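Observations on the model geometry
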Amino acid sequence: MLLLSQFIKRFLRLFGIPLGLLIAVFSLLSATSFGAADIRIVDVIQSLNFHLLGINETLGLKDRIIMELRLPRVVLAFIAGAGLSIAGSVLQTVTRNPLADPYLFGISSGASFGAVVVLTLLQQGVLSHFGLTWIGLPTGALIGAGLSVFIVLNMCGKDVGRQVERMLLSGVAVSFMFGALSSLMLYFSSPQAAASVLFWSLGSFAKATWSVLMLPTLVVVFCTAIILLFQRSIIAMKMGDETAHTLGINVSFLRIGMLILCSVITATLVASCGGIGFVGLMIPHIVRLVFPGQLSLMLTGMLGGIFMIWVDVLARTLLSYQELPVGIITAVIGSLFFLFVLKTRQQEG
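Residues numbered from 1 in each chain as written. Predicted model: local features only at pLDDT ≥ 70, side-chain atom pairs only at ≥ 80, totals over all residues. Heavy atoms only, no water.

1. Some points on the nonpolar core
The following threshold applies: Only buried Ala, Val, Leu, Ile, Met, Phe, Trp, Tyr and Cys residues count toward a nonpolar core, and they belong to the same one when joined by side-chain atoms within 4.5 Å. Note on classification: 1.4 Å probe, protein chains only; a residue is buried when its accessible area is under 20% of the maximum for its type, exposed when over 50%, partly exposed between these limits. Between two residues, a contact is recorded if the distance between any of their heavy atoms is within 4.5 Å.
Of all hydrophobic cores here, the largest spans 75 residues; its most connected members are V90, F105, F205, I227, M258, I276 and M308. Look past the residues within four positions of M308 in its chain and what remains in contact with it is A77, G81, F205, I276, V279, V326 and T330. L29, I39, V44 and I65 belong to the second-largest nonpolar core, a separate cluster that totals seven residues.

Have a look at this one:
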């Protein structure tokens with residue numbers, strides 16, 4: 001059994017990324033075939049081939065369902081899962097706390113508050129008058145996320161590098177504060193606006209289009225590329241701030257920079273698909289269990305994207321003729337996983 005376990009770990013270490021890519025491609029194709037219309041994986045592949053070859057004259061209703069409704073939704077789910085998982089992994093590493101993620105750190109709540117302000121106060125007013133409705137939601141979410149990070153950093157004092165515990169407690173407090181402010185905004189808004197904001201805040205990929213995909217894709221790819229440039233420094237921070245200092249790493253600067261990048265990723269995804277919690281908490285833990293001692297952001301992103309694809313499939317197919325918000329499913333799974341992590345840490349202590 002020991003030899004088998006070592007062989008599996010070595011196999012996954014060598015072929016983990018290619019295997020993850022294969023599973024991700026299969027998940028994208030397979031998930032596109034799920035829905036009310038009877039569509040098979042063969043139909044999805046055939047439709048993709050037609051579009052790649054530029055054959056658009058013979059496309060029918062089934063091809064439109066695949067290319068205009070289902071495929072953008074599945075791709076957005078993959079991007080959201082990958083981005084949140086990478087952000088959670090980075091936050092857990094730079095704060096050296098396995099329970100840190102964008103949802104518990106206050107970033108997601110701040111981004112949601114900024115988006116709620118736009119949806120309830122500005123979407124039909126100033127932004128509509130100047131024709132800026134397309135940029136209002138991402139901007140509001142980004143401002144809200146930036147405000148939450150600003151408050152958390154100010155609560156830590158001057159020496160950010162030595163205030164990890166206070167940073168996490170501040171994140172929890174900021175999360176509750178922005179959650180309360182969002183509820184207050186909904187209380188004074190119209191019933192129609194409150195209903196739309198409530199459904200959006202629970203997370204959904206229903207409004208995904210190819211144009212909607214552009215912004216989150218660019219942001220997640222760009223921020224992930226910057227994170228990968230500093231991956232060695234991030235890994236060094238796992239050994240402690242003093243060790244990182246001796247290696248010539250500016251710990252405070254790196255921690256603040258990673259917080260800003262994670263807030264940008266979270267704000268963009270919140271603006272695109274609403275609040276989806278606990279993904280950034282679960283997936284990095286699962287990757288560390290399978291690949292102990294390693295920080296593989298690429299594998300974390302792929303596994304997070306695959307997970308979110310199948311959560312969206314579950315949300316679409318669990319109930320007949322209606323769709324569950326994705327955030328409800330991730331909250332149920334994530335809360336159970338959160339309790340599992342706490343119990344494991346208690347036993348280890």
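2. Notes on empty space enclosed by the protein
Rules: Only protein atoms enter the 1 Å grid, on which a cavity is a set of points fitting a 1.4 Å probe that cannot get out and a pocket is an open set with protein on both sides within 12 Å along at least 5 of 7 lines, lining residues being those with an atom within 4 Å of a point. Grid points are joined across faces, edges and corners, and a volume is the space filled by probe spheres set on the points. In the scheme used here, Gly and all other residues not listed as nonpolar or charged are polar, with Ala, Val, Leu, Ile, Met, Phe, Trp, Tyr, Cys and Pro taken as nonpolar and Asp, Glu, Lys and Arg as charged.
Overall, the coordinates contain two cavities of 30 Å³ or more when judged by the stated rule. Counted as a void, the largest cavity has a volume near 90 Å³. Along the walls of the largest cavity sit 15 residues, with L84, S108, T266, I276 and G277 positioned nearest its centre. Of the residues belonging to the lining of the largest cavity, the class tally is nine nonpolar, five polar and one charged.

3. Remarks on the state of the cysteines
Where we set the bar: Throughout, disulfides are identified as pairs of cysteine sulfur atoms within 2.5 Å of each other.
This structure, assessed with the given rule, holds zero disulfides. Left unpaired, C262 is separated from the closest cysteine sulfur, that of C223, by 8.5 Å. For C262, a relative accessible area of 0% translates into the label buried.

4. A closer look at the layout of surface pockets
For clarity, the cut-off: Here a strand is any run of E in DSSP of at least two residues, a helix any run of H or I of at least four, and the numbering for each starts at the N terminus.
Here the second largest pocket defines a volume of roughly 540 Å³. Lining the second largest pocket are 23 residues, with Y103, S109, S112, G179 and S201 sitting closest to its centre. Breaking the lining of the second largest pocket down by element, the ones donating at least two residues are α4 (107-122), α7 (164-187), α8 (191-201) and α15 (326-348). At eight residues, α7 tops the list of elements feeding residues into the lining of the second largest pocket. Grouping the constituent residues of the lining of the second largest pocket by class yields 12 nonpolar, 11 polar and no charged.

5. Looking at helix α13 (residues 279-290)
Note the following rule: Helix span, as expected, comes to 1.5 Å for every residue beyond the first.
For α13, which comprises 12 residues, the first-to-last C-alpha distance of 17 Å matches the rise-based estimate of 16 Å (1.5 Å per residue) to within 8%. Three or more residues of α13 are buried, namely V279, G280, L281, M282, I283, P284, H285 and V287.

6. Let's talk about a nonpolar patch on the surface
Rules: Exposure above 30% relative accessible area and the lack of any salt bridge qualify a residue for a patch; like charges then connect within 9 Å, and the nonpolar side chains Val, Leu, Ile, Met, Phe, Trp and Tyr within 5 Å. To be clear on the numbers: accessible area is Shrake-Rupley with a 1.4 Å probe, and residue cover counts the displayed protein chains and nothing else. Salt bridges are defined by distance alone: a side-chain nitrogen of Lys or Arg within 4 Å of a carboxyl oxygen of Asp or Glu.
On the surface, L198, L202, I328, V332, I333, L336, L339 and L342 cluster together to form a nonpolar patch covering roughly 660 Å² of accessible area. Per-element tally for the nonpolar patch: the top contributor is α15, with six residues. Inspection of the secondary structure puts I328 in helix α15.

7. Observations concerning the pattern of salt bridges
In this structure the tally under the stated criterion is five salt bridges. For R73, the salt bridge is made with D312, and the minimal N-O distance between the two is 2.9 Å. Placement of R73 in helix α3 (residues 61-94) and of D312 in helix α14 (residues 297-317) is noted, with a sequence separation of 239 residues between them. Judged by relative accessible area, R73 falls into the buried class, the value being 8%. One salt bridge connects R73 with E323, and the closest N-O pair in it is separated by 2.6 Å. Here R73, found in helix α3, pairs with E323, found in the loop between α14 and α15; they are 250 residues apart in sequence, far enough to count as distant. Residue E323 is classed as partly exposed on the basis of its relative accessible area, which comes to 27%. Linked through salt bridges whose partners overlap, the residues forming this network are R73, D312, R316 and E323.

8. Thoughts on the side chain of D43
On the secondary structure map, D43 appears in helix α2 (residues 41-52). For D43, a relative accessible area of 9% corresponds to the buried category. Once you skip the residues sitting within four places of it in the chain, D43 turns out to touch K62 and I66.

9. What to know about the packing of α3 against helix α12 (residues 251-273)
What counts is decided by this rule: To get an axis, fit a line to the C-alpha atoms, keeping to the stretch in contact for a helix; angles then go from 0 to 180 degrees between the N-to-C directions. What sets the label is the angle itself: under 35 degrees gives roughly parallel, over 145 gives roughly antiparallel, 65 to 115 gives roughly perpendicular, and the rest give oblique. Left-handed is the label given to a crossing in which the near helix is rotated counterclockwise from the far helix by less than a right angle, and right-handed is the label when the rotation is clockwise.
Closest axis-to-axis distance for the α3/α12 pair is 10 Å, and the angle between their directions is 155 degrees. It follows from the interaxial angle that α3 and α12 lie roughly antiparallel. Note that α3 runs across α12; the crossing there is left-handed. On α12, the residues that touch L76, I79, A80, G83, L84, A87, V90, L91 and V94 of α3 are R255, M258, L259, C262, I265, T266, L269, S272 and C273.

10. Focus: the packing of α13 against α14
Viewed as axis vectors pointing N to C, α13 and α14 meet at an angle of 125 degrees, and their least axial separation amounts to 9 Å. Looking at the two axes, α13 sits oblique to α14. Once α13 is placed against α14, the crossing between them reads as right-handed. Across the interface between the two elements, V279, M282, I283, P284, I286 and V287 from α13 touch L299, T300, L303, G304, F307 and M308 from α14. Residues of the contact of α13 with α14, tallied by class, amount to 10 nonpolar, two polar and no charged.

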